[in-house]
Amino acid sequence: MYQKLKYTGMVAALGLSLTSNATPAIEVEGLEKALHEWAGARPGAIVALVIDGPGRGFVAAGQWSSDSDRLADENVAFEIGSITKVFTSLLAADAVSAGVLQWEDRVAAPFDGSAITYAQLSTHTAGLPRLPRDFPTAGLTDPYAGIDRAALIKSWQLEADAGETGSKAWAYSNFGAAILGQSVASARGGSYRDELQHRVLDRLGMDQTWLSGLSNPGPLEVAPGHNAEGVAAAWRFDAYAPAGALVSSAAQMERFMRAMLDPEGAGLPHAWRETMRPQVQLPGAGALGFGWFIAEFGGTPVFWHGGGTGGYRSFVGVQPGTGRGIVVMGARDQEVEGIGLGWFQGLLTSGDPAAGAVDLSDYVGDYPVMPSFIVAITAVDGKLHLQGTRQPRLGLVAAGEDRFNLEGVTAAVTFDRDESGEVVGLVLHQNGAALPAKRFPLGSQHPSRRNIEMTAEELAPLVGEYALAPTFKITISRHGTMLFAQATGQQKFPIFASTADVFFYEVVEAEIHFERNTAGVVTGLVLHQGGQKLPGAKLR
């Protein structure tokens, strides 16, 4: 679930690694600041490597562990989670280029018996769930360990009928990604590990990238991952390796990004081009290729994917039209996609450019981003501030003509003027989204959705932790008569009751429906967002 605003923590140690004289260095000061803010005072290393044509830059921040302030370098490895799916789609695209299969072919044995195609598996349009109904939920600290090929085939036989008619609805599926990788490897006559190594990693020169649980650990040191409880266990994969098993470093991922910028020289030219063809329009902005999410910044497509495991978050994005790319790797369960997408959008500025001779009152007003979320722009003591509905007030820092960055947040607002020069609206930019809103007089707009009041005693049974997926949990907490929801890797946001068991967010268009058994005991919840319904069982 995307958040509309992200709040960051305290400042931590930060270091910059300079490149050699032979390689042009590129500006990373704004990126430094973003990593600095992500790091905060909690343990968890974070690194970012950016390329711009032949230029490159590398930044490291954060604490290696609770008892070491060591910085990671570009040869330290991190679990990269779902970025593995891009590699899996490359493997499939290479099989298509070789004539072994076609994207529109039905998936072959041992995953046959349905109308589902390889294309639908790669684009998450096969009608398959995120995880199958028989997926074990006991081992959330290492959820995919021990699930072998036989178990995956059994799950396929249980779930494949869901995609019998070839569903076109987009629904992200780790299960489908695992089937894609294993089925392509079967078509090639080998194991997923061997096929990926031989046909993708070796050809990209990624000799120090490996599959956790299936391959011997590489020669690189792995940064310790962290979550709210402390050091997180490494995840090990077997049959689900195509969905998220890769472990890599910033230096290794630079090879990956440069290969995408020069597919002819990478040994996989046809496969790269296949994966970058838009296939599915996503809800809201953006599209999906084979394995890639596709956004457009400055009129030029960016191909990107994020990843997450128990104690790691990662992002890789490449913009072939400009020759730019970025990889961000964090050893903590705190999202980094905002940093990666923000870099492409130009949101990661470090300075405080003067706003120029402008009257701040020009911007003051109410801006309804959505009916339940009003952005109020105020001017206090010669400075602009932004405050969303029921959220803290944040300062705005001038970043250009009619453009301001939010203080401590990877987000920005740009103001629109009409022909007479009057400000008539704004656009809120964050996480790849651009949310427009018209300007109204300050104090004139009020959220259209009203909530009911509930007592602390009525709210208490809803408090707990709910598992929607092995890597995604929602924690419900209470403070007085206010209820809060915090998704994995995101900030805590208030939710408001429309009925005793239905609550809504005001920062995003989403609802949480709590479920009870016949005795009235709360047993789970369902997150409703973007046309999807994601159920989660109550753990405690």
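Calculation rules
Residues numbered from 1 in each chain as written. Predicted model: local features only at pLDDT ≥ 70, side-chain atom pairs only at ≥ 80, totals over all residues. Heavy atoms only, no water. Core = buried A, V, L, I, M, F, W, Y, C linked by side-chain atoms within 4.5 Å. Buried < 20%, exposed > 50% of the residue type's maximum accessible area, 1.4 Å probe, protein only. Helix = DSSP H or I, 4+ residues; strand = E, 2+ residues; numbered from the N terminus. Contact = heavy atoms within 4.5 Å. 1 Å grid on protein atoms, 1.4 Å probe; cavity = no way out; pocket = protein on both sides within 12 Å on 5 of 7 lines; lining within 4 Å. Points joined across faces, edges and corners; volume = space filled by probe spheres on them. Nonpolar A, V, L, I, M, F, W, Y, C, P; charged D, E, K, R; others polar. Expected span 1.5 Å × (residues − 1). Pairing = 2+ DSSP bridges. Salt bridge = Lys/Arg side-chain N within 4 Å of Asp/Glu carboxyl O. Axes fitted to C-alpha atoms, helices over the stretch in contact; angles between N-to-C directions. Left-handed = near helix turned anticlockwise from the far one by under 90°.

K.L.:
Explain the nonpolar core to me, please; I cannot follow it from the model alone.
P.N.:
Here is a general trend for soluble globular proteins: nonpolar side chains tend to be buried in one another's company. Counting residues in hydrophobic clusters, the biggest one holds 81 residues, and the most contacted among them are Phe87, Leu204, Tyr240, Met253, Phe256 and Trp272. Counting residues per element, this core draws most heavily on helix H2 (residues 84-97), which supplies eight residues. Once residues lying within four places of it in the same chain are set aside, the contact partners of phenylalanine 256 are Val86, Phe87, Leu90, Leu204, Met206, Trp272, Trp292 and Val316.

K.L.:
Could you clarify how one ought to interpret empty space enclosed by the protein in this entry?
P.N.:
Where empty space is left becomes clear once a probe the size of a water molecule has been rolled over the atoms. For the structure shown, the criterion picks out three cavities of 30 Å³ or more. By volume, the second largest cavity is sized at about 70 Å³. If you trace the second largest cavity, you find it lined by Lys85, Ser89, Leu121, Ser122, His124, Ala177, Leu180, Leu288, Gly291, Phe293 and His305. Among the secondary structure elements, those contributing two or more residues to the lining of the second largest cavity are H2, helix H3 (118-122) and helix H5 (174-188). For the lining of the second largest cavity, a count of residues per class yields five nonpolar, five polar and one charged.

K.L.:
Would you explain helix H8 (residues 250-261) in this entry?
P.N.:
Residue pairs spaced three or four apart in an α-helix point in one direction, given the helix's 3.6 residues per turn. In this model, H8 (twelve residues) spans 16 Å end to end at C-alpha, consistent with the 16 Å of a helix rising 1.5 Å per residue. Listed in full, the buried residues belonging to H8 are Ala250, Ala251, Gln252, Met253, Glu254, Phe256, Met257, Ala259 and Met260.

K.L.:
Is there a simple way to think about the sheet that holds strand E5 (residues 210-211) in this case?
P.N.:
Paired through their backbone hydrogen bonds, the strands of a sheet run either parallel or antiparallel. Ordered in space as E4-E8-E5, the three strands form an open sheet in which the pairing is antiparallel. Looking along the sheet, the strands with just one partner apiece sit at the ends: strand E4 (77-79) and E5. Examined bridge by bridge, E5 and strand E8 (residues 246-249) share two bridges and lie antiparallel to one another. Bridging from a neighbouring strand, leucine 211 pairs with leucine 246 of E8.

K.L.:
Hey, could you run me through the pattern of salt bridges in this one?
P.N.:
Pairs can form between side chains of opposite charge whenever their charged atoms are close. Under the counting rule described, the total for this entry stands at 19 salt bridges. With a closest N to O distance of 2.7 Å, glutamate 254 and arginine 56 form a salt bridge. In this pair, glutamate 254 is assigned in helix H8 and arginine 56 in strand E3 (residues 55-63), connecting sequence segments 198 residues apart. Residue glutamate 254 shares its accessibility class with arginine 56, and that shared class is buried. Notably, a salt bridge pairs glutamate 264 with arginine 273, separated by 2.8 Å at the nearest N-O pair. Judged by its relative accessible area of 37%, arginine 273 falls in the partly exposed class. When salt bridges with common partners are traced through the structure, they connect Arg56, Glu74, Glu254 and Arg258 into a single cluster.

K.L.:
Would you explain the sheet that holds strand E27 (residues 502-505) in this entry?
P.N.:
Reading around the barrel, the eight strands line up as E23-E24-E25-E26-E27-E28-E29-E30 and close back on themselves, with antiparallel pairing between neighbours. Strand-to-strand twist in this sheet, taken as the mean axis angle between neighbours without regard to direction, amounts to 30°. Judged from the two bridges that link them, strand E23 (residues 464-469) and strand E30 (residues 532-538) form a sheet pairing that is antiparallel. Among the inter-strand pairings, alanine 467 is bridged to a residue of E30, identified as alanine 537.

K.L.:
Just to check I follow, could you spell out the packing of helix H4 (residues 149-159) against H5 for this structure?
P.N.:
At a closest axis distance of 11 Å, the pairing of H4 and H5 adopts a crossing angle of 115°. For the pair H4 and H5, the sense of crossing is left-handed. In contact with Arg149, Leu152, Ser155, Trp156 and Glu159 of H4, H5 contributes Phe175, Ala178, Ile179, Gln182 and Ser186. Residues belonging to the contact of H4 with H5 are distributed by class as follows: five nonpolar, three polar and two charged.

K.L.:
Is there a simple way to explain the pairing of strand E21 (residues 423-430) in this structure?
P.N.:
For E21, the tally of buried residues reaches seven of eight residues, placing the bulk of the element in the interior. Examined bridge by bridge, strand E20 (residues 412-417) and E21 share six bridges and lie antiparallel to one another. By the bridge assignment, threonine 414 is partnered in E21 with valine 427. Connecting E20 to the next strand, E21, in antiparallel fashion are five residues, including glycine 421 with a positive phi near 95°.

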